[in-house]
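Understanding the architecture of this molecule
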Amino acid sequence: MIVTQPDNARLFRSLHTPTEPLALANAWDVASALVIEAAGASAIATTSAGVAWSLGCPDGDILPRDRALELIGRIVAAVAVPVTADIEGGYGKNAADVAETIAGVLAAGAVGVNIEDGTRPPTELAARLATARQTADRTGADLFLNARIDTFLSGPGDPDTRLKETLSRAHMYVDAGADGIFVPGVTDTATIAALARDISVPLNVMAGPGTPTVAELGALGVARVSLGSGVAQVAYAAARRAAKDLFGTGGYDSLADGMAFPELNALLSEPH
């Protein structure tokens with residue numbers, strides 16, 4: 001049975017529910033996507049930071065668009081589950097550039113994107129979201145637009161008004177065409193509950209040590225939980241640990257918990 005982009009897009013939308021939040025262990029290359037899929041993922045999300053690092057670039061709208069799109073296409077072709085791509089701010093300087101990026105994402109077969117405001121004025125991300133929505137609509141594609149709000153992650157402005165500012169941006173982004181709102185950097189349960197209560201579309205938060213469990217977040221109204229660049233950071237930490245053992249004590253104990261060679265090789269050997 002051939003699964004089409006529209007089929008995957010409908011499935012992906014249906015996975016956003018606080019009853020059983022969509023849990024995303026973000027991938028950065030084909031191998032990590034296959035490992036995550038084999039572990040039971042219902043969808044694959046990329047991490048823009050992890051993707052950039054794996055391709056020799058820092059995070060922060062530095063990676064060339066064509067290299068990002070090529071990787072998205074490789075991951076989509078490798079896995080059977082829906083794929084949503086983190087495209088940072090849209091890989092471009094203006095709305096026309098964002099339209100080109102969205103067209104490329106759709107051509108690659110992805111069903112969703114994350115677009116972030118970062119240090120941009122909220123009105124600029126709203127314009128980019130509107131362009132992304134119009135581009136998808138013109139092609140007849142169903143694309144889940146997840147708007148990332150960085151008020152809590154980067155901590156701009158007055159902490160006492162951060163929730164109000166986040167909600168203001170969320171309402172603006174939803175009006176511009178966002179299907180979901182992503183607020184990384186928030187772990188306080190009262191704040192998460194307030195966000196879920198006052199945002200009309202699925203809420204996505206980023207999880208890590210100290211964050212409530214997926215089920216607990218669902219009870220607060222969260223519909224999507226992401227690990228962001230966390231998995232990639234752990235993988236690179238493992239590489240550093242092994243190297244330090246080798247160059248320091250001359251030992252190899254840090255390799256003991258590695259994934260078995262036959263298992264990993266088999267994932268890459270299966271037809272995709």
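Residues numbered from 1 in each chain as written. Predicted model: local features only at pLDDT ≥ 70, side-chain atom pairs only at ≥ 80, totals over all residues. Heavy atoms only, no water.

**Focus: a nonpolar patch on the surface**
Taken together, the side chains of Leu-246, Phe-247, Tyr-252 and Leu-255 make up a nonpolar region of the molecular surface, amounting to roughly 510 Å² of accessible area. Counting through the fold element by element, Phe-247 comes out in helix H11 (residues 230-247). A relative accessible area of 67% places Phe-247 in the exposed class. (Patch = residues over 30% accessible without salt bridge, like charges linked within 9 Å, V, L, I, M, F, W, Y side chains within 5 Å. Areas by Shrake-Rupley, 256 points an atom, 1.4 Å probe, with all protein chains shown as cover. Salt bridge = Lys/Arg side-chain N within 4 Å of Asp/Glu carboxyl O. Helix = DSSP H or I, 4+ residues; strand = E, 2+ residues; numbered from the N terminus. Buried < 20%, exposed > 50% of the residue type's maximum accessible area, 1.4 Å probe, protein only.)

**Here we look at the nonpolar core**
Note that soluble globular proteins tend to have their nonpolar side chains buried in a common cluster. Ile-44, Tyr-173, Ile-181 and Leu-203 are the most contacted members of the largest nonpolar core, which has 64 residues in total. Among the elements that take part in this core, helix H4 (residues 65-78) stands out by supplying seven residues, more than any other. Not counting residues within four places of it along the chain, the set of residues in contact with Leu-203 comprises Ile-181, Val-183, Ile-192, Leu-195, Ala-196, Val-222, Ala-223 and Arg-224. Ranked by size, the runner-up nonpolar core spans nine residues in total, among them Ala-9, Phe-12, Ala-43 and Val-111. (Core = buried A, V, L, I, M, F, W, Y, C linked by side-chain atoms within 4.5 Å. Contact = heavy atoms within 4.5 Å.)

**Some remarks on the packing of H4 against helix H5 (residues 95-108)**
Two elements in contact, H4 and H5, have axes separated by 8 Å at closest approach and are oriented at 20°. Relative to H5, H4 is oriented roughly parallel. Crossing hand, H4 versus H5: right-handed. In this structure, H4 contributes Arg-65, Leu-69, Ile-72, Gly-73 and Val-76 to the contact, and H5 contributes Asp-97, Glu-100, Thr-101, Gly-104, Val-105 and Ala-108. Considering only residue class, the contact of H4 with H5 consists of five nonpolar, three polar and three charged. (Axes fitted to C-alpha atoms, helices over the stretch in contact; angles between N-to-C directions. Parallel < 35°, antiparallel > 145°, perpendicular 65-115°, else oblique. Left-handed = near helix turned anticlockwise from the far one by under 90°. Nonpolar A, V, L, I, M, F, W, Y, C, P; charged D, E, K, R; others polar.)

**Quick look at the sheet that holds strand S4 (residues 112-116)**
Pairing in this open sheet of eight strands is parallel, and the strands run S1-S8-S7-S6-S5-S4-S3-S2 from one edge to the other. Edge positions in the sheet fall to strand S1 (22-24) and strand S2 (44-45), since each of these pairs with one other strand and no more. Pairing analysis gives three bridges linking S1 to strand S8 (residues 224-226), with the strands arranged parallel. Within S8, the residue paired with Ala-23 across the bridge is Val-225. (Pairing = 2+ DSSP bridges.)

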